[in-house]
Amino acid sequence: MFLDIYKKKDIYMVHDMHKKMRGEFTVPRSMICGGFTRGLQSVVMWFSSGGTKSVLHNDDIDNINCLMEGNKDLFFIDKKYQPLVEQDGWVLNGGYSSLDVEKVDLIKHPGLKDIPWYFTKMTKGDCLFIPKGWYHNVNSYTHTKRNLAINLWFIHIPYFNKTDCDVKTDIPDTEPLSNFEVNDPDASEAEQMRSELLVPFSDKEKITLEDVKEVFNKASPEDINTFITFADQNKDGVMTWEELYSFDPMELLEKAPGIDARFEKDKDDDQSQEPEPEQKSHLVEEELSKVKDPTIELPDVVPAKEEL
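Numbering of residues begins from 1 in every chain and follows the order in which that chain's sequence is written. The model is predicted, so local features are restricted to residues of pLDDT at least 70 and side-chain atom pairs to those at 80 or more, both for listing and for counting; the totals for chains, interfaces and linings are taken over all residues. As a convention, hydrogens and water are excluded, and side-chain values are obtained from all of the structure's heavy atoms.

Enquirer: Account for the state of the cysteines, naming residues and giving values.
Expert: Here, a disulfide means two cysteine sulfur atoms that sit within 2.5 Å of each other. Here the structure, examined in full by the defined rule, presents two disulfides. Through a disulfide, Cys33 is tied to Cys165; the S-S separation comes to 2.0 Å. Measuring the twist about the S-S bond at about 100°, one finds the Cys33-Cys165 disulfide to be right-handed. Of the two residues, Cys33 sits in the loop between α2 (29-32) and β3 (40-48) while Cys165 sits in helix α4 (residues 162-167), which places them 132 residues apart along the sequence. A 1.4 Å probe rolled over the protein chains alone gives each residue an accessible area, and that area as a share of the maximum for its type sets the label: buried under 20%, exposed over 50%, partly exposed in between. When its relative accessible area of 6% is taken as the criterion, Cys33 is described as buried. In this structure Cys165 comes out as buried when scored by relative accessible area, which is 17%. One disulfide in the model links Cys66 with Cys127; its S-S distance is 2.1 Å. Secondary structure elements are defined from DSSP: runs of H or I of at least 4 residues count as helices, runs of E of at least 2 residues count as strands, and each element is numbered from the N terminus.

If you want it as structure tokens, here you go:
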């Protein structure tokens, strides 16, 4: 099987972690409190003999990459430079650049020449946070003939619940992934909707009635009042983040459908063309079917040409 051939073949594995293995993978302490585990989407294993690299791309949800074996070099660009990154050679329906990451041609991609960038190295035991929307390229290699990483994907949270961390005085350094719910369809949909509704308020400590009216200025007055009824639970005219995380967003949308993404600015065009999170985490399988040798040796095993 794969373990017998991966060191000899030009292939690697991309696969969701099986439920039976989740007790062996521990969630880092930094994720155990604050709200990160409310919207765990998927856990994906990347397994190869090294020598793989990714295209320049971004992801539409947050993730933490934990390296169990081998090495990784990562190159990052802040998402605020989107116009410059995507002005030349960007594949809209895939979320990646046609840029040759080994030989960057600044004539074909002039927007890149003045963009600040970040570089970091990962070694065995490191976990690295990769923010939603940040552009990055990954180069994986190893000195042990094995490169194994695990990505923990989760819905972007607009607010870090520090109170939750303060009350949990006995937070362990790690906790088994099996202790948390991963990709519960109902919970994931609800938390994704909450994230979309609340992101416009992410720079505020407390939200006023005027803030709500400004953000949802395309919604009807009735829908705005319904939102306030749900969110302002103590009726003091100010909504705390604890209040914003205490109501059911799906129930809200049933009673106030006009609130759904009725923001001052429409969603970005590129978001409407992005694949769903489940598709994005396995985008490599679709793209690598186009390389010169598209043969898949085993289920969920792909040629080791690129990784995302």
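Enquirer: Describe the sheet that holds strand β4 (residues 52-53), naming the residues involved and giving the relevant values.
Expert: Pairing between strands requires that DSSP locate at least two bridges from one strand to the other. With respect to topology, four strands assemble into an open sheet ordered β4-β11-β6-β9, the strand pairing being antiparallel. Each end of this open sheet is capped by a strand with a single partner; those strands are β4 and β9 (118-123). Strand direction decides the pairing type here: β4 and strand β11 (residues 135-141), joined by two bridges, are antiparallel. The residue of β11 that forms the bridge with Lys53 is Asn139.

Enquirer: How would you summarise the pattern of salt bridges if you had to cite specific residues and measurements?
Expert: What counts as a salt bridge is simple: a side-chain nitrogen of Lys or Arg found within 4 Å of a carboxyl oxygen of Asp or Glu. Using the criterion set out here, one finds 11 salt bridges in the structure. Where Lys162 meets Asp166, a salt bridge forms, and the shortest distance between an N and an O atom there is 3.2 Å. Here Asp166 and Lys162 lie together in helix α4, a separation of four residues that amounts to about one turn. The exposure class assigned to Lys162 is exposed, which follows from its relative accessible area of 51%. Across the salt bridge formed by Lys255 and Glu251, the nearest N and O atoms sit 3.8 Å from each other. You can see Lys255 and its partner Glu251 sitting in helix α9 (residues 249-255), four residues apart, about one turn around the helix.

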